[in-house]
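Listed below, chain by chain, are the residues.
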Amino acid sequence: MYDYLWLIPFFPLVGFVFNGLFGKKIRNEAVIGGIGTLMIFLSFLVSCGNFYALLQDSEKVHQRVIASWMSVGDLQVDWGFLLDPLSALMILIITGVGTLIHLYSIGYMHGETGFYRFFAYLNLFCFSMLMLVLGNNALVMFVGWEGVGLCSYLLIGYYFEKKSAGDAAKKAFVVNRIGDFGFLCGLLTLFWALGNKGVWTINFVEIAENAHLLESGGLIVTVVTLAFFLGACGKSAQIPLFTWLPDAMEGPTPVSALIHAATMVTAGVYMIGRMNGLFAMAPDTMMTIAVVGACTALFAATIGLAQNDIKRVLAYSTVSQLGYMFLAMGVGAFTAGIFHLMTHAFFKACLFLGSGSVIHGMHHGYHHAHLKDDPQDMRNMGGLRKKMPITFWTFLLSTIAIAGIPLFSGFFSKDEILWWSFGSNRGHWLLWLVGAVAAGMTAFYMFRLVFMTFFGEQRTDPRAKDHIPESGLTITIPLMVLAALAVVGGYIGIPAILGGANHIKQFLDPVFGKAIALNQIEAHGTHALEYSLMAVSVGIAVFGIFLAWVMYVKNPALPARFVASFPGLWKAVFNKWYIDELYDAVFVNNCKRIGTFLWKGFDVRIVDGIVNGTAWVVKGIGSGLRYTQTGFLHNYAMGMVVGVVVIVGYYILGK
Amino acid sequence: MSALELQSLLPQIILALGATTVLMLGAWYPSRKWILGGVVIALFAALSAGLMTPAVPEVGNLYSTGSYARFFVVLWSLLGALSLLLSLRYAEIHDLPGSEYCALILFAICGMSLLSAATSLIGLFLGLEAFTLVFYILIAFKREDSRGAEAGLKYLVMGAVATGFLAFGISLIYAASGSFHLPEAFAGLEQAGGMRPLGLAGWALMLVAIGFKVSLAPFHLWTPDVYQGAPAPVTGLLATGSKGAVFASLVPLFAALGPLKADLEQVLWLLAALSLLAGTFAALPQRNLKRMLAYSSVVHMGYLMIGLLVGGSEAHRALLFYLISYAFATLAAFGVLTSFSRVDDEPQEYADFRGLGYLHPRRSSLLAACLLSLAGIPPLVGFFAKFGIIAAALKGGYPGLAVIAVLAALTSLYYYLAPIVVLFMQQRDARQLRRGCRHEYFVLALCFSAILLLGVYPAPLLDLLTGILP
Amino acid sequence: MISVYHYLILSAIIFSIGTFGVLTRKNAIVIFMCIELMLNSVNLTFIALSRHLQNMDGQIFVFFVMAVAAAEAAVGLALMIAFYRNRESIDTDDFNMLKW
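What counts and what doesn't
- Residues numbered from 1 in each chain as written.
- Chains lettered and ligands numbered in written order.
- Predicted model: local features only at pLDDT ≥ 70, side-chain atom pairs only at ≥ 80, totals over all residues.
- Helix = DSSP H or I, 4+ residues; strand = E, 2+ residues; numbered from the N terminus.
- Buried ≥ 20, exposed ≤ 12 C-beta atoms within 10 Å, placed from the backbone.
- Contact = placed C-beta atoms within 7 Å.
- Core = buried A, V, L, I, M, F, W, Y, C linked by C-beta atoms within 7 Å.
- Expected span 1.5 Å × (residues − 1).
- Nonpolar A, V, L, I, M, F, W, Y, C, P; charged D, E, K, R; others polar.
- Axes fitted to C-alpha atoms, helices over the stretch in contact; angles between N-to-C directions.
- Parallel < 35°, antiparallel > 145°, perpendicular 65-115°, else oblique.
- Left-handed = near helix turned anticlockwise from the far one by under 90°.
- Bend = angle between axes of the 7 residues up to and from the residue.
- pLDDT = per-residue confidence, 0-100.
- Pairing = 2+ DSSP bridges.

1. A look at the overall build of chain C
Link 1 in the chain: In terms of regular secondary structure, chain C is built from 3 helices and 0 strands.
Link 2 in the chain: Reading chain C from its N end, one meets helices and strands in the order α-α-α.
Link 3 in the chain: When its C-alpha atoms are laid out on the principal axes, chain C stretches across 50 × 25 × 25 Å.
Link 4 in the chain: Residues classed as buried in chain C amount to 39% of the 100 residues present.
Link 5 in the chain: When contacts within chain C are restricted to residue pairs at least 6 apart in sequence, long-range pairs at least 24 apart make up 45% of them.

Here it is, written out as structure tokens:
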């Protein structure tokens, strides 16, 4: 079975090539969408086969090399795939959720001008993402890493006529570049450091085997892992590189669901999981990761409290949940992090698709009434429960799951993370506290979202309110499947204390067990403690839900009063704590000023298309250099002669 | 010169004689079909270089006929043939005289082939001047275009000064060692484990001239002007062949230098770093594709310089691989520009490309692919080439340069993406440009498959390069 | 006694004068003359060295340099005519269409 591993990324690639080349001519949406969906479904089937084979197999790590890519001296790099429990789980999530979202897109993107373009990009994204998780060495992973970034960029800017979409794409691109820089620096430093020990390799299995050559807790390991973590921050939208993800909601909703919730943004978590051997050796980095993760979880949750755009709430929620995953990685709960990655993929994809269904309905209504209102603003919704029953129920189930109510999937994964952040020897009670508070906020803002959208009075413009239909089958089927998964997905990871077998822990043990044992990472505490922590976090969540119910269903005037009594706080939260403005003020404007100052003598107006601070300075230097290009022959000749004099002078004086 | 030596130099002779014949016959039978004849001659030269076994290893103590030299004869002939094919329609539209154009390109290929084969400083000088002279003419080939004349004059004046430096540098080395032939010329420079001051001064002057030819900072200032003023297919050959041939000749030159290279290291380091930085910074604010490619070529030359600096067969192999990958992507980029150009003008400002991706999707995508390959986006070949150079720098003990190289590579995406954004992500107010013709599509498809296939499966080329490296 | 060093120093001086001229003169023809000066100073070096080293190679190089110089001058004059036809000037300050 493992010999067919290459088919998994191959099918979406075929879909991409087909739709990219012929899509424009075909014009038939059923064919284009059908091919796109079929291809990813085929790779889902192959993934299932491989997953099943791996379950049966006693040997858990398999590498398959398709072809030699390059050999540079002792360094041998292959087009090789690595199937182990971690990547097996990831390919199942990617192809499974991917299939559902492709199916959903057929209905959602119906009638868009670039229908074929959309499916081509989506297939290309799946291909890249599968390469990312399946690659057996860092370079193949980097191919995928760049590929998903590119697709994300293309898809965020899908509605390129909208200026905001173009800007959002640029922002995502810039931030991802910073992340890529981290990744490359980490990779090259690791390559160099291991090379100094006599092992020139970038193969993951070999890196894991030879990680012990580096000094545990030493400077090199810390630098390497911190660089990798910077890369992960960029991809997975952690503080301070998270601002691009909410803006990325300019893309079509299926893109938000697939790329910016379920798969691509978890690449950073996956990467840390893939290199767990190295990370476990660097306690300082782990601490940084845990703190950054916890802070992101809390911080993004506070912003989520006050947003009115349905997709933005979900975006901040995604950032916050990714923070949980990083928290888990940071305290050594690798399994729990990956577990949460999986459950999050289910419920968040369902939530995004549900919001898409709502937006679709609202859009339909407004279109019918020839209105130009914002179909994403929750203040225009309300009472949609009866109009869109399937959407409502699936949405509700996923919301319960994300809120961490017992018996739903989110509960098991989140609770495992919280327990580790308290009990692990790499954890701290403060981390737990932050995580628990953020969990309460999550419950609050998610139910606020549900109540504002589906309950109460319908606040839609009267001309449109009766023309909001339930979405079609291609949209509701994925919703139902994902909601079911969001409910039961957690049962593979019921912790021992609740009488479960924690299958996922055993399944992933071949990947994480060695590093955890080697570095003596463990969570310890009495059962009573574990129970009480569980009870507290559930209690906080229930309280959050109750509060939301009081504020948005029982007494809808309360929020306004609250806003009136704390106007400053509310405004700060509503404006996302002014983070974008802060970045603008601290980096962009200052750099702008420095740039202007440095090149004041020159014409600054060429410096256009500002993206961010670094770009400003760099562009400033560039524009300055440009003025060395006077076009006058003398200056050019002068440049040459000065070069001669400097070089010759250097030799004469130097010798 | 014996018959055996003539036979060994056959590919270059085919090129030179072929060019002369085309030039002569063209006077009686003027036709643009000569360009196709030129393609045949170039291919013929490539075939003879590829298949023939030379009788003697070195001709007249000037030119090598080893596998390294012959590989580059094949490469430059192929590049020349491709740019001739690209020029076919272009020459028609701009009413360029076919036989002269064809003959000049063939002479240029001949010069490049001689340069890459040089085993003596005389051979080096001759080869270099042979194709530089041809480029002076080709750059200003559109007679009514005053920009072309300006670019040609600028290149000529700067080039002539560089020639002076080169000749003076060679004379100093000659003074120190009493020979032009390669290992001996440098062997005579040694003194107490280091290089004699006379040799150092000679090398400094030579480096300046070489830096000018391949446009290393700070000798790169002519590059954007000349790129902009020259006809697009000529720029394509100038950017790939002429720079590539110089680097191809530098590899054996530095190999012959041996341990004396240590004395040049700081300067080489500085040249590489400066080129990477200056090119990157200057390319960022550009809104003209040709000028942007000019600055970006400065950056690429910086990468090649790293390969040269690190030395050793591995780094040299990475250098040659980079050179080839750069050549194909650049040639294709200028090929797209060629195929877009019309009678009155060549589109090169970004404003001209706005929304073009929807009017001409195939060529626009191809241009985007070339730019992405130059930027080093996997799995296109540019990524692998960059990785090879950076890995070589790390292994060779130049982490500082490696960091600069990584930074330059990351920043490069900004300026390479700017035209792509314009092509695909802006309002479509572009006007329809010229339709491409078959020859152009053929060349473009060939280059594209090269940058894709070499990126995915570079092993055969790498093996070949390992085999030919001295 | 005039040694080879005198020749070398003389040619270095001539070379510098030529370089200086290229940098300072505005008229393209004068610039070309300066370039000729540079190249000829190189020729002087080669001939002196050839005699000093009792080695004919240097003189061969001189022929090549002369050929290159002649070809450059021919091409240069042609380019100047082409430029003059368009701009009615050969002042290098008028080479100003391509910049930035």
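2. Structural notes on the overall build of chain A
Link 1 in the chain: Secondary structure assignment for chain A yields 27 helices and 2 strands.
Link 2 in the chain: In chain A, once contacts between residues fewer than 6 apart in sequence are set aside, the share between residues at least 24 apart is 80%.

3. Side note on the nonpolar core
Link 1 in the chain: The biggest cluster of nonpolar side chains holds 486 residues, and the ones touching the most others in it are Ala349 of chain A together with Leu106, Val208, Ala332, Ala393, Ala405 and Ile451 of chain B.
Link 2 in the chain: Excluding residues within four positions of it along the chain, isoleucine 451 of chain B makes contact with Ser325, Phe328, Ala329, Ala369, Cys370, Ser373, Leu380 and Val381 of chain B.

4. Structural notes on helix α12 (residues 265-283) of chain B
Link 1 in the chain: End to end, α12 of chain B covers 27 Å across 19 residues, agreeing with the expected 27 Å (1.5 Å per residue, within 8%).
Link 2 in the chain: Across the 19 residues that make up α12 of chain B, a large majority, 15, are buried.

5. With respect to the interface of chain B and chain C
How big an interface is tends to be reported as the loss of accessible area on association of its parts.
Link 1 in the chain: Counting residues at the interface gives 33 residues for chain B, matched by 34 residues for chain C.
Link 2 in the chain: With 19 residues, helix α7 (residues 146-177) of chain B is the single largest residue contributor to the side of chain B that touches chain C.
Link 3 in the chain: For the side of chain B that touches chain C, the residue count by class is 19 nonpolar, 8 polar and 6 charged.

6. Concerning the interface of chain B and chain A
Link 1 in the chain: Residue-level contacts link 47 residues of chain B with 47 residues of chain A.
Link 2 in the chain: Those elements that place two or more of their residues in the side of chain B that touches chain A are α7, α9 (197-213), α10 (222-229), α12, α17 (381-395), α18 (399-424) and α20 (459-468) of chain B.
Link 3 in the chain: If you tally residues by element for the side of chain B that touches chain A, the top one is α9 of chain B, at 8 residues.
Link 4 in the chain: Its residues placed into classes, the side of chain B that touches chain A shows 41 nonpolar, 2 polar and 4 charged.

7. What about unusual backbone geometry?
Link 1 in the chain: Note that the residue after alanine 217 of chain B, namely proline 218 of chain B, is joined by a cis bond; omega there is 5°.
Link 2 in the chain: Looking at the element boundaries, proline 218 of chain B is found in the loop between α9 and α10.
Link 3 in the chain: The phi torsion at glutamine 54 of chain C lies on the positive side, around 55°, for a residue other than glycine.
Link 4 in the chain: If you trace the backbone, glutamine 54 of chain C turns up in the loop between α2 (28-53) and α3 (57-87).
Link 5 in the chain: Of note in the backbone geometry, glutamate 88 of chain C takes a positive phi value of approximately 55° without being a glycine.

8. Structural notes on the packing of α12 of chain B against α18 of chain B
Residue and element names in this part refer to chain B.
Link 1 in the chain: As a packed pair, α12 and α18 sit with axes 9 Å apart at the nearest point and diverge in direction by 20°. Relative to α18, the element α12 lies roughly parallel. In this structure, α12 crosses over α18, and the sense of that crossing is left-handed. Contacts from Trp269, Ala272, Ala273, Leu276, Leu277, Thr280 and Ala283 in α12 reach Leu401, Ile404, Ala405, Ala408, Thr411, Ser412 and Tyr415 in α18.
Link 2 in the chain: Of the residues that constitute the contact of α12 with α18, the class distribution is 11 nonpolar, 3 polar and no charged.

9. Structural notes on helix α11 (residues 232-257) of chain B
All names here are of chain B.
Link 1 in the chain: The end-to-end C-alpha distance of α11 is 37 Å, a good match for the 38 Å that 26 residues give at a rise of 1.5 Å each.
Link 2 in the chain: When the local axis directions of α11 are compared, the greatest deviation, roughly 30°, occurs at leucine 238.
Link 3 in the chain: Across the 26 residues of α11, 23 count as buried, placing the element largely inside the fold.
Link 4 in the chain: Immediately downstream of α11, the backbone of glycine 258 shows phi near 65°, a positive value.

10. Some details on the confidence of the model for chain A
Residues and elements named next belong to chain A.
Link 1 in the chain: For chain A, mean pLDDT is 83; residues scoring 70 or higher make up 90% of the total.
Link 2 in the chain: Ranking the elements of chain A by mean pLDDT puts helix α25 (residues 579-598) last, at 55, and helix α11 (residues 267-274) first, at 92.
Link 3 in the chain: Taken together, the stretch residues 594-611 has pLDDT below 50 and engages in 25 contacts with residues farther than four places along the chain or on a different chain.

11. Considering the confidence of the model for chain C
Link 1 in the chain: Chain-level pLDDT for chain C is 88 on average; 99% of the residues reach the 70-or-more range.
Link 2 in the chain: In the predicted complex, the global pTM is 0.83; the interface-specific ipTM is 0.95.

12. Some details on the environment of aspartate 509 of chain A
Residues and elements named next belong to chain A.
Link 1 in the chain: Tracing the chain through its elements places aspartate 509 in helix α21 (residues 503-518).
Link 2 in the chain: Judged by local crowding, aspartate 509 falls into the partly exposed class, with 16 C-beta atoms found within 10 Å.
Link 3 in the chain: When the C-alpha positions of aspartate 509 and leucine 241 are compared, they lie 31 Å apart, and in sequence the two are 268 residues distant.

13. Focus: the environment of alanine 91 of chain B
Residues and elements named next belong to chain B.
Link 1 in the chain: Inspection of the secondary structure assignment puts alanine 91 in helix α4 (residues 67-93).
Link 2 in the chain: Given 21 C-beta atoms within 10 Å, alanine 91 falls into the buried group.
Link 3 in the chain: Sequence-wise, alanine 91 and leucine 417 are 326 residues apart; in three dimensions their C-alpha atoms are separated by 30 Å.
Link 4 in the chain: Setting aside residues up to four positions removed in sequence, alanine 91 forms contacts with Arg32, Ile35, Leu96, Gly98 and Tyr101.

14. Digging into the packing of helix α3 (residues 85-108) of chain A against helix α15 (residues 334-368) of chain A
Residue and element names in this part refer to chain A.
Link 1 in the chain: Two elements in contact, α3 and α15, have axes separated by 11 Å at closest approach and are oriented at 5°. Judged by the angle between their axes, α3 and α15 are roughly parallel. Each of Leu86, Leu89, Ile93, Val97, Ile101, Tyr104 and Tyr108 in α3 lies in contact with α15, whose residues at this interface are Ile338, Met342, Ala345, Ala349, Leu353, Gly356 and His360.
Link 2 in the chain: Taken together, the residues of the contact of α3 with α15 sort by class into 12 nonpolar, 2 polar and no charged.

15. A few points about the pairing of strand β2 (residues 75-83) of chain A
Residue and element names in this part refer to chain A.
Link 1 in the chain: Burial within β2 is extensive, with 8 of its 9 residues counted as buried.
Link 2 in the chain: Taken together, the 9 bridges between strand β1 (residues 62-72) and β2 define a ladder with antiparallel strand orientation. From the neighbouring strand, valine 65 faces β2, where its bridge partner is glycine 80.

16. Points about the environment of leucine 323 of chain B
All names here are of chain B.
Link 1 in the chain: The residue leucine 323 is located in helix α14 (residues 312-340) in this model.
Link 2 in the chain: Note: C-alpha distance between leucine 323 and serine 177 (146 residues apart in sequence) is 32 Å.
Link 3 in the chain: Once residues within four sequence positions are removed from consideration, leucine 323 is found in contact with Gly244, Phe247 and Leu304.

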